[in-house]
Amino acid sequence: MTFTQWFIFFLIVQVIHFLGTWKLYVKAGRKAWEAAIPVYNAVVLMKIINRPWWWTILLFVPIVNLIMFPVIWVETIRSFGKNSTLDTVLVIATLGFYIYYINYIEDVTYIAERSLQPKTSTGEWISSILFAVIAATIVHTYLIQPFTIPTSSLEKTLLVGDFLFVSKFHYGARTPMTAVAFPMVHDTLPFVNTKSYLSKPQIPYFRFPGFEDIERSDIVVFNWPVDTMRYMTTTDKYYYKPIDKKTNYVKRAVGVAGDSLQIKDGKVFINSKPLNLPGRARLQTSYIGKTKGQPLNPRVMYQLYGVTDPYRYDQNSNTFWINLTDGEFEKFKNDPNVASVQRVINPAGNKDRSVFPQSEDNNWNQDNFGPIFIPKAGTTTPLTIETLPLYKRIIEVYEGSEMGITNKLSTNGTQVLLNGTPTNSYTFQQDYYWMMGDNRHNSLDSRYFGYVPFNHVVGKPVFIWMSWDTNASGLDKIRWNRLFTTVEGDSDPVSYLPYAAIIVAIGLGFSYFKKRRDA
């Protein structure tokens, strides 16, 4: 839905509200016209039901408002003496239209000093749960979201089993685009494994101002632009998902809007200069080698060399394929069981049809790629038969159908047509990024799916609050040295666990003595 369509929808809702409540406003000592003024009518209603004015704000917060509307409906009828369980069920089951019946048919009396305390322990429990969910949803959507590292694409920098806090406000919190969704889950309801949202209606994209821009080499969480994973388990080539319900990915922004990028023999060059990575980044690449007869032992590899990424081994030829950092390689090559080992590089000119943009006109692969331009909002680029594959999805999808715009590209001989009109250039509407994993030969990243639009950006990982090692046992499963460490930085991570423990202890102690004092 466009902003115009949402504005019309908003006005319709205001008309529905006025027609269903104006007599109740009058019975509460207000004027009938006060039920017709958008936003103001909600503030007045909060006074009528004896609730704080700031509840009005929650009515305009996507997802949160899905919880608030039933609460307001129930509070409204109770302010006019309708307290029975049947009344509550009717107002919720009719999506609030039961209030029409009360407004026009019932002879009700306004209760000005209505008690706001739940009349039963069950009611108090439900009220507490509702507002805990509302608070958690606001934090989850606009401030901090928990995130788990599920794959090894950033291995050695972020580990499988790291539990992160992802900041939504660093790059600007994005308001939900999916209007109807279950709070605090992504695209799938747990346990029942069904879709957690309705694809329509969609709210126009909006992002609050951020505190910083995405900088080159930042680690970023984003929605996978080409996601067709139904319920995160089933791949369907033609399965549609809204932007904010696409699968969450975490990669490093090796190229930002306006950069020129090229990969030569596995090394990334930005604007013709080698990519500068922070000191904490530890790149891994693939190696092939042969043992002297015994297969590699995963536990020994982990204990001696810190190798966590899985490897393949062919027992018939004693050949292995493994991903290593430079430091691991220097140690591993001297292992007494290793006969030979060398780095794997896909040579220039050896075409890989799976890499972006899946065009017949280049011979690119994961180790030798480009050069390409990373689009920047407001910049204009030539649009030719040769460049069309690079920008086709941007124009038709990211700045087309996903924004409610019809953009159709076609060709007539050597001429590019946009919506049937000949064109030789295109001006980009938003910034784009090139995301790659530090585990370069074990990462599904922009080399395969292309540019990441800014409107797909979720947030910035800032903190590791837990790290779980499935290769270890007992208490060693917890990577204690990673608990409460920051994600970014040039030096080795420093754990703030002792400080966190002290703060928790102080908090528990204060709560204990407060209860003793009040007892």
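What counts, and at which threshold
Here the residue index of a chain counts from 1 through its sequence in written order. Thresholds applied to this predicted model are a pLDDT of at least 70 for local features of residues and 80 or more for the giving and counting of side-chain atom pairs; totals over whole chains, interfaces and linings are not thresholded and use all residues. Note that water and hydrogens are dropped before the side-chain values are worked out from all heavy atoms of the structure. By definition, any uninterrupted DSSP run of H or I lasting at least four residues is a helix, any uninterrupted run of E lasting at least two residues is a strand, and each is numbered from the N terminus. Here the term buried applies to any residue with accessible area under 20% of the maximum for its type, exposed to any over 50%, and partly exposed to those in between, with areas from a 1.4 Å probe on protein chains only. Note on contacts: a residue pair qualifies if any of its non-hydrogen atoms lie within 4.5 Å across the two residues. Shrake-Rupley sampling with a 1.4 Å probe provides the accessible areas, and residues are treated as covered by the protein chains on show and by no other component. Working convention for charge: Lys and Arg count positive, Asp and Glu count negative, and His plus the chain ends are omitted. To locate a charge, take NZ of a lysine, CZ of an arginine, CG of an aspartate or CD of a glutamate. When DSSP locates at least two bridges between a pair of strands, those strands are taken to pair.

Trainee: I'm lost on the overall build of the protein in this one. Help?
Mentor: Of the regular secondary structure elements, the protein holds 12 helices and 25 strands. Along the first, second and third principal axes, the C-alpha atoms of the protein reach 90 × 75 × 40 Å. Residues counted as buried form 45% of the 519 residues belonging to the protein. Across the protein, every contact between residues at least 6 apart in sequence was considered, and the portion connecting residues at least 24 apart equals 66%. On the protein, roughly 27,100 Å² of surface is accessible, and the fraction owed to carbon and sulfur atoms is 61%. Counting 52 positive and 42 negative side-chain charges, the protein places the centres of these two groups 4 Å from one another.

Trainee: What is the right way to look at unusual backbone geometry in this model?
Mentor: Outside of glycine, negative phi angles account for most residues, and trans bonds account for most peptide bonds. Lys200 connects to Pro201 through a cis peptide bond whose omega is 0°. For the bond running from Phe356 to Pro357, omega is 5°, close enough to zero to count as cis. Of note, Pro357 is situated in the loop between β15 (338-343) and β16 (369-373). Positioned with a positive phi, Asn193 is a non-glycine residue whose angle comes to about 55°. Among the secondary structure elements, Asn193 is positioned in the loop between β3 (188-189) and β4 (194-195). Assessed through its relative accessible area of 40%, Asn193 is described here as partly exposed. Even without a glycine there, the phi angle at Asn419 is positive, about 55°. Classification of Asn419 as partly exposed rests on a relative accessible area of 41%.

Trainee: In this structure, what is going on with the environment of Lys408? I would like to understand it.
Mentor: Relative to the helices and strands, Lys408 is located in the loop between α10 (388-398) and β18 (409-412). A C-alpha to C-alpha distance of 5.0 Å links Lys408 and Asn419, two positions 11 residues apart in sequence. Beyond its immediate stretch of four places on either side in the chain, Lys408 contacts Glu396, Leu417, Leu418 and Asn419.

Trainee: Explain the pairing of strand β14 (residues 319-324) here, please?
Mentor: Look at any regular strand and the pattern is simple: side chains alternate between the two faces of the sheet. The buried fraction of β14 amounts to 5 of the 6 residues, a majority that puts the element mostly inside the structure. Summarising the sheet, strand β13 (residues 312-314) and β14 pair through 3 bridges and their orientation is antiparallel. What sits directly across from Asp314, in β14, is Thr319.

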